[in-house]
Structures are given as structure tokens and as C-alpha cells.
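Report on the structure
Given next are the chains, with one letter for each unit.
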Amino acid sequence: MSPLVALLRKETYHIRRDRRTLVVVLALPVVQVLLFGSAIRTDVDRVRLAIVDPAPDEATLELRNRFTATDTFRLVAVVPRASDLDPLFRTSQAQAGVVLPVGFAEDLAGRSPAPVQIIVDATDPNTGSVLRAYIEAVIRGYELEQVRLKADTTTIQIGATSRMRFNPTRESSNVFVPGLMAFVLTILASLMTAISLTREKETGTIEALLVSPLRPWSIILGKVLPYLAIGVVAAVAIIVEARLVFGVPLRGSAVLLIFEAVLFILASLALGILVSTRTYSQRVATMGAMLISMLPNILLSGFIFPIESMPLLLRVISQVVPGQWFVTIARGIMLKGVGLEYLWKETLVLGGIAVLLLAVSTRAFKARLG
Amino acid sequence: MNRAIEANELTRRFGAFTAVDRISFDVRQGEVFGFLGANGAGKTTAIRMLTGLLTPSGGSARVAGHDVYTEGEKIKRSIGYMSQRFSLYEDLSPRENIRLYGGIYDLTAPEIRERTAAMLSRLGLESVGSRPVRELPVGWRQKLAFSVALLHRPSIVFLDEPTSGVDPVTRRQFWELIYEAAARGTSVLVTTHYMDEAEYCDRLSIMVAGRIAALGAPAELKQQHGTSSIDDLFVRLARPAVSEQPIRLAPPAQDKGESKGPA
């Protein structure tokens, strides 16, 4: 016990006295949540809309009002010709356009189909399709109302309504936060462990530990525990900050979420140790940790890019990326409020990966001695 | 069993390369034993085997009476170790470093307190006991590292080029510490590239290409080989090995003198 306490105290001194590391450890979770929560948004709000209305009448005015009545759209221009839209799109003044026909009111009254064209900027295809859906919804709403006004009961109407469950307002921060936890925890755990173990190699202090009666596992434990504690604090900070600043819910058990975070941190720490057994400089350790831990955990975890739309090979690889499982679990707990009864399989896989990586890395660490 | 180290035909191979080739020597209690050899001669590999970091491929060795194959744990408790890089944490103060190693070697809190105070006062480091080690001059760091290696009162201490990069005056002072430790009964196995230091040793061995080419007291060796200094002897023994292929398992044919048994 006492040797381990001595190691832990020493590691705490290192962390406290290395200013740069300390700043990274403290600021990373806070800054990342703010960045991802506000700057990188995929939800659509205050859409810059241009309307082509060659012959305004009471019907076009009414439809225009429907667009301006919500906060979702901001009407930037009403132009007479469809060709006028082009410069607006090119200069990004408009993100979406609606082209109304001449004689819109008459078409509606005469019950002949009124041709309305929707044009969206699909530079970002996801945003593009969301915009199209929003505009269609407004037009559909207007159409239904017209039909109802005419009290026309002869046509059969299907009133389909949709509900976006677990994230009804489609807040992107809700989806980002679980992934963000994976991202921050990976950096703290893998990178810090790899760097700090490699630093001991650079300065030669690792030799003194190795010739001492310390067992390899206690050297590893002395390294791992402080960063595990930091990881847990960071995870809690992210959850609290996400809730206070962006109102991201935590519907499930906080204890379960922390437990899952611990499993994920352990897997990341193990990768960090693994990197350190193969590197001799902190610079290489940084690159190694990025390559085998951070990049897969960010790119192949479904944090930014949906796994479903990846090629088969990457989908297969993503199955062994601990981040993928953690993000799935964290989304389940935070957004759906489900517990272990639904997540036991994912938890087992995540735990299994963590145990396997820890075993492999401890072995690699020992093997270096002989 | 008054031998601190007994090595008998100790061998270590890495694949086809034999880094240490059947070396036999012993170190007595309280003796300062010089472990000389050119870079790549096998010194470090031998030390790694004796400190329990590396399993030998053949032969036998006992360190502080413990077998290197089966009692690595006991060996680690009985030895101290200091490398040329001093093994101190530079962002920790001398006190914190002492407390760390005291903890690692399972000393009690009162023992650590008492030995810290004694050590700092003996080294004259009380005033800087709480400053980060990186702010101390190299000579002070070196003495501190040596004392820390002796903190748990090992019966043998391994010093791996402890004086490289240190000025002559500080080196001389450091050797006084080594003699003090030896006088208290601690055996010292020291590697060095400074031949004047080799003359300070009670006995020494010179390794050439994985084998011990000379072994004995400095005066004895000089007489046997008819050289005026250990420096001359070292160069004469080491040169054939250096000029030939680096991986050479048999000792040189033109080797004069009585270098220990060609294979």
C-alpha cells in the first residue's frame, strides 16, 4: 500500500507542477463543450430565405407570412424572377428559396395543382435536407388549412404528424455531448499516460522504478489512478456544463454513466500505456496516442460521422473502437434514459475491451523489462 | 556467503548475438569494484542481469546471496542503483524525492523523516531541501542521487557511469562518498569511462566483446601486463575488439598478455 501511495503522491506533484498539462486538463473539457455546443451546430435556425413572387396576391402574401411568423426563417429578400435567386445563393445571402407561380390564388381557388419550387443550398447535404423538410412542412401546413377552410370533406386526408423522440427540437448539442465526453476522456487518458510514461523513459527515472521492488502492476497503477480520477472529474464537469449551458438532459442514472465512463477511461489509459512501451520520446508518444487512440475514438465512434453510412471495412473496425460503444451507451443513458437492462451488451463489450487492453498493455510493459 | 556478488559463467544472448559471454567474477563485502569496458562490451547487459531486470541465458549468479533466476524480488530489496541520469525527479524537491524512494522501499514514516534529515544535513542541502531538483547544480544532484540510492541501506549499490559529464573536482568529491559507503560495508559496483577513476577501485574487471579480459587489483593488473596505467591497459585490451567486426564471438588471436581464456 505504502509504495503505491508514494507513487500516487509523486504523480500528483507532476500533474500539479506541469503548468501546461494542468491548463490542458482543466480547460479542455470546459472549452470543448462550449466549442462543440455552440460553434459546431447542425440544427437549423434562422434560415436565410428568399422568396420569388412574380405576381403577389392574397395567397402568396399569406404563405409569405407563414414563413416569417416563425423564428426558423428570416426573410432576406422577395424578388420577382427566379433568376434573381442565383446571386443570392452564390453570395450566401440566401440558404433557401421558394419560387411561387403567377396566379397562385387562382390556382388554389380553381383547385388545379399550384406549382411551387423549393431551392436549397446543399453545400452541406445534411443541412440541405433539413431545410427542405422545414419548408415543405410550412407549405403543407398552409395547404391543409386551405383545404379545411373550404370545408371540403370529399377528399380523404391523412393527417400524419411526426414526433422526434428523445431530442424533439433536434438540438445538436444533445448528440454531441456524449461524443464529446469520449473525445475529452481519450485525450486526458491516452495522451497524458503515454506522455508521462515516456517522459520517465526520457529522464531515466523509469530505470530506478524498475530496479526497485515495485511490481510492474503497481508502477502502472500509480500512473493510471491519477489520470482515472482526472477523467472522472472531467466527465462530471462535461455533464454539468452541458446541462447548465445547453440544457442537455441526463435522463438515466448518473452513477451508471460514470461507471461506463470509468470503463472507457481504462481502455484509453491502456492504449496510452501500450503506446509508451514502443516510444522513446514524448513527441513520438503524442503522435502514437493520436493515431491509435484519439483518431479512432473521434472518427469511428459515431461522434461526428454516423457509423451507418461508413464503408463496410470502417464499420468493422469501429466495432473494436471503445469510443463507439461508449458513445452508444452514453447517448442511451443521457437522452433515452435507459439503464443496464438495455445496455448490458454494450457494457460487456466495453468492459471486455478495457480488460483486454489493460492485460495486453501490462504484458507489453513487463515484456520490455525482460 | 560473504560475497556481495558471485557470477559464474554468466551469459546472455540476444538471438545469435552473445552480449555477455560466460563471465565469472565476484565482489566482496565492502569492496569498490570497477566494471570497465568500451561501449557495447556488455557491461550494461551484465548489470541488468545482476539487478534482476534481465534473465540470463546461462550460467549462474548470486547477488547478496540471492539467486538471479529465482529470487529477483529479494535482490531488488538488497540493492541500490544509480544511473548516469541520476534517476531523480527534477520537478520534485530533494525532500519529495527522498520521501518517494523511502515509500517505494517500504520504509516507515519515522524512518523516512529521520533519514531525510540526516541525509540533507550530511550533504549540506538543508537550505535547498524544498527547491525543485532541477534548480540544483549537477554535482549536488549527483550526490543526492547517490544518497537516495543508499536510502534503504542496500548491501550492494550499482553505479552506472555515475560521474559522466561532471567536472574533476566534483568527481573527486563523489568518490569520497563512494569510499564512505564502502567503509560502512556497502559493496559498490561502478562502471566508468574515466581511467583515473579506475585506479581508485579496490579491484576491477575489463570487459571486451562480452568477455572479461582482465580482472584484479589495479596495481596487480598493471604489473601483469607491463603497462604504466590502467588507461594503457584498457586501450591495449579494447583496441582489437573495436577495430574488428562488432559482432565477434571469439576473442582476438593477436591478443597479448593473459586475457582470460580464449574460447
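Residues numbered from 1 in each chain as written. Chains lettered and ligands numbered in written order. Predicted model: local features only at pLDDT ≥ 70, side-chain atom pairs only at ≥ 80, totals over all residues.

Next up on the list: the sheet that holds strand β4 (residues 117-120) of chain A. Residues and elements named next belong to chain A. Pairing is mixed across the open sheet formed by four strands, whose spatial order is β2-β1-β3-β4. Of all strands in the sheet, those with a lone pairing partner are β2 (73-79) and β4, marking the two edges. Pairwise comparison of adjacent strand axes, ignoring direction, gives a mean angle of 20° for this sheet. Here strand β1 (residues 47-52) pairs with strand β3 (residues 96-99) via four bridges, running parallel. Looking at the pairing, Ala 50 lines up with Gly 97 of β3. Across the face of the sheet, helix α3 (residues 58-68) comes into contact with β1 and β2 while running at roughly 145° to β2. Against the sheet, helix α6 (residues 125-149) touches β1, β3 and β4, its axis set at about 150° to β4. (Pairing = 2+ DSSP bridges. Helix = DSSP H or I, 4+ residues; strand = E, 2+ residues; numbered from the N terminus. Axes fitted to C-alpha atoms, helices over the stretch in contact; angles between N-to-C directions. Contact = placed C-beta atoms within 7 Å.)

Here we take up the confidence of the model for chain B. Residues and elements named next belong to chain B. The predicted model of chain B has a mean per-residue pLDDT of 87, with 90% of residues at 70 or higher. The low-confidence segment residues 252-263 (pLDDT under 50) makes 19 contacts with residues lying over four places distant or belonging to another chain. Predicted complex metrics record ipTM = 0.82 and pTM = 0.77. (pLDDT = per-residue confidence, 0-100.)

Each partner contributes residues to the interface: chain B has 23 residues there, and chain A has 20 residues. Those elements that place two or more of their residues in the side of chain B that touches chain A are α2 (72-78), β6 (79-82) and α3 (94-104) of chain B. Residues belonging to the side of chain B that touches chain A are distributed by class as follows: nine nonpolar, five polar and nine charged. (Nonpolar A, V, L, I, M, F, W, Y, C, P; charged D, E, K, R; others polar.)

Attention shifts here to the environment of Met 82 of chain B. All names here are of chain B. Here Met 82 lies in strand β6. Looking at Met 82, the number of C-beta atoms within 10 Å reads 25, which means it is buried. If near-sequence neighbours (up to four positions away) are discounted, Met 82 is found in contact with Ser 87, Ala 145, Phe 146, Ala 149, Leu 159 and Pro 162. (Buried ≥ 20, exposed ≤ 12 C-beta atoms within 10 Å, placed from the backbone.)

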